Amino acid sequence: MPEGFTTLPASGMDTATAYRLLCGIVVPRPIAWISSVSVDGVVNLAPFSSYNYVAHSPPMLAVNIGSRSGGLKDTARNIEASGEFVVNVATEANMELMHQTSAEFAPQESEAQALGIALLPSTHVKPPRIAISPVQMECRLQQVVRLGALNTLYIGEVLAFHLSNQVFDGKQIDSIKMRPVARLGGPYYAALGDTFLRPILQTPPVGKPANA
Ligand SMILES: Cc1cc2nc3c(=O)[nH]c(=O)nc-3n(C[C@H](O)[C@H](O)[C@H](O)COP(=O)(O)O)c2cc1C
């Protein structure tokens with residue numbers, strides 16, 4: 001065993017410690033700023049950084065939503081009831097408003113309305129898109145995976161990508177121009193720092209779309 005390490009067995013570790021460790025270790029995390037709609041038609045916005053893309057044919061995204069006071073967060077309840085959500089990219093330009101939508105608004109209160117966040121209609125799902133996000137992805141719920149007592153992974157298939165001309169040239173997304181923000185251990189965020197160019201050494205995936 002090398003000297004100078006603290007070894008903490010995870011078995012039996014309390015929730016707060018495990019959460020704090022993971023949030024500090026798995027960084028930087030991209031942020032899904034999710035729009036969803038309740039059964040009563042209330043538009044809900046909230047950020048989630050336990051998030052990534054998990055498949056590309058068909059394209060799928062996954063987000064882990066923790067429980068709150070033993071119940072579902074508004075986003076989770078809306079996704080389970082409607083089977084739909086939109087993932088909007090969080091950026092330096094929209095970070096302040098994105099952050100404010102993480103406050104615990106009542107389910108009948110719309111973060112979009114309360115904070116004056118402009119929305120755009122979606123084309124494939126009911127939840128609207130967030131206008132100040134340069135990329136919005138409309139998703140249909142594919143799978144719900146319960147993980148232990150407190151977490152649920154929602155896997156959504158992307159039905160449509162909406163890409164601002166500011167960051168999309170017709171072929172590629174310019175990630176640097178997109179100026180995404182990432183989550184570090186709370187309460188910190190990070191912007192892109194140095195970027196490094198290296199030739200791609202593996203063959204990119206090709207083939208017919210699986211959902212054609
Ligand atoms: C940057 C950021 C990332 C977050 N990531 C997550 C996450 O991955 N999972 C989660 O359950 N909550 C996460 N939260 C907390 C939720 O945003 C917060 O619980 C929010 O109130 C949920 O809103 P809702 O009840 O409208 O769904 C995050 C908060 C912030 C500020």
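Quick look at the structure, then. Predicted model only: the values in this text are computed from it and were never measured.

Across the sheet, which stays open at both edges, the seven strands sit in the order S3-S2-S6-S9-S10-S5-S4 with antiparallel pairing between neighbours. Strand pairing shows two members of the sheet lacking a second neighbour, strand S3 (43-48) and strand S4 (51-56), which therefore form its edges. Going across the sheet, the axis of each strand differs from the next one's by a mean of 35°, ignoring polarity. Along the sheet, helix H2 (residues 74-82) contacts strand S2 (32-37), S3, strand S5 (59-66), strand S6 (84-89), strand S9 (135-147) and strand S10 (151-163); its crossing angle with S2, the most-contacted strand, is approximately 55°.

Time to look at unusual backbone geometry. The omega angle of the peptide bond from Val27 to Pro28 is -10°, so this bond is cis rather than trans. Of the consecutive residues Gly186 and Pro187, the connecting peptide bond is found in the cis state with omega at 5°. By the secondary structure assignment, Pro187 is in the loop between strand S11 (181-183) and strand S12 (189-191). A positive phi angle is found at Ser69, which is not glycine, with a value near 50°. You can see Ser69 is positioned in the loop between S5 and H2. Located in the positive-phi region is Arg179, a residue other than glycine, with phi close to 50°. According to the C-beta neighbour criterion, Arg179 is partly exposed, with 19 such atoms within 10 Å.

About the criteria used
- Residues numbered from 1 in each chain as written.
- Predicted model: local features only at pLDDT ≥ 70, side-chain atom pairs only at ≥ 80, totals over all residues.
- Pairing = 2+ DSSP bridges.
- Helix = DSSP H or I, 4+ residues; strand = E, 2+ residues; numbered from the N terminus.
- Axes fitted to C-alpha atoms, helices over the stretch in contact; angles between N-to-C directions.
- Contact = placed C-beta atoms within 7 Å.
- Buried ≥ 20, exposed ≤ 12 C-beta atoms within 10 Å, placed from the backbone.

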